[in-house]
Amino acid sequence: MSSESLSAPEYARELAALNRVRRRVAALGFLTVVGHGVVALPLVAHHVEGQGRTSDAVILLIVTVFVTTVAIAVTRLILGRRPMTPLWALVPVAVPLIAAWWIWG
């Protein structure tokens, strides 16, 4: 379908749809890359705790909060949404809490 066969409103809708897809693909790529760090930090904390370095494990879980917050905020910005909402603000806290329960529970 060429742009000559589309009316101006149709062309605008197609362009908006293409922009949504572009944003979703970029957000998914970013989240995939940063998600590795969000998952790796609690795993490293578990390994460090196994060596008896509890304070280092706690620091890694605190860093997980910051990395997760940045990941969510940037992903939402890429999608064209507000960076943080009350519901999404719980996720950066929930991830290290679940990891702490896994490590010390």
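All figures in this text were calculated on a predicted structure; none of them were measured in a lab. (Residues numbered from 1 in each chain as written. Predicted model: local features only at pLDDT ≥ 70, side-chain atom pairs only at ≥ 80, totals over all residues. Heavy atoms only, no water.)

*Asks:* Would you take a moment to explain the pattern of salt bridges for this structure?
*Replies:* Here the idea is simple: oppositely charged side chains can pair when their charged atoms come close. Counted by the stated rule, this structure contains 1 salt bridge. Across the pair Asp56 and Arg53 runs a salt bridge, and its minimum N-O distance is 2.9 Å. (Salt bridge = Lys/Arg side-chain N within 4 Å of Asp/Glu carboxyl O.)

*Asks:* Just checking my understanding: could you explain the environment of Ala45 for this structure?
*Replies:* Within the secondary structure layout, Ala45 lies in helix 1 (residues 8-50). Look past the residues within four positions of Ala45 in its chain and what remains in contact with it is Ala57, Leu60, Leu61 and Ile103. (Helix = DSSP H or I, 4+ residues; strand = E, 2+ residues; numbered from the N terminus. Contact = heavy atoms within 4.5 Å.)

*Asks:* Can you walk me through a nonpolar patch on the surface in this structure?
*Replies:* Residues Val39, Leu43, Trp101 and Trp102 make up a contiguous nonpolar surface patch of about 490 Å² in total accessible area. Locating Trp101 in the fold gives a position in helix 3 (residues 86-104). (Patch = residues over 30% accessible without salt bridge, like charges linked within 9 Å, V, L, I, M, F, W, Y side chains within 5 Å. Areas by Shrake-Rupley, 256 points an atom, 1.4 Å probe, with all protein chains shown as cover.)

*Asks:* Mind showing me how you'd approach the confidence of the model for the chain here?
*Replies:* Keep in mind that low pLDDT regions are not for reading the predicted coordinates in detail. Averaged over every residue, the pLDDT of the chain is 92; residues scoring 70 or more account for 96%. Within the chain, the lowest mean pLDDT, 92, falls on helix 3, and the highest, 95, falls on helix 2 (residues 54-78). (pLDDT = per-residue confidence, 0-100.)

*Asks:* Sorry, what's going on with the nonpolar core here?
*Replies:* Across soluble globular proteins, nonpolar side chains have a tendency to be buried as a group. By size, the foremost hydrophobic cluster in this structure holds 8 residues: Leu41, Ala45, Val48, Ala57, Leu60, Leu61, Ala99 and Ile103. Those elements giving two or more residues to this core turn out to be helix 1, helix 2 and helix 3. Beyond its immediate sequence surroundings of up to four residues, Leu61 is in contact with Pro42, Ala45, Pro96, Ala99, Ala100, Ile103 and Trp104. (Core = buried A, V, L, I, M, F, W, Y, C linked by side-chain atoms within 4.5 Å. Buried < 20%, exposed > 50% of the residue type's maximum accessible area, 1.4 Å probe, protein only.)

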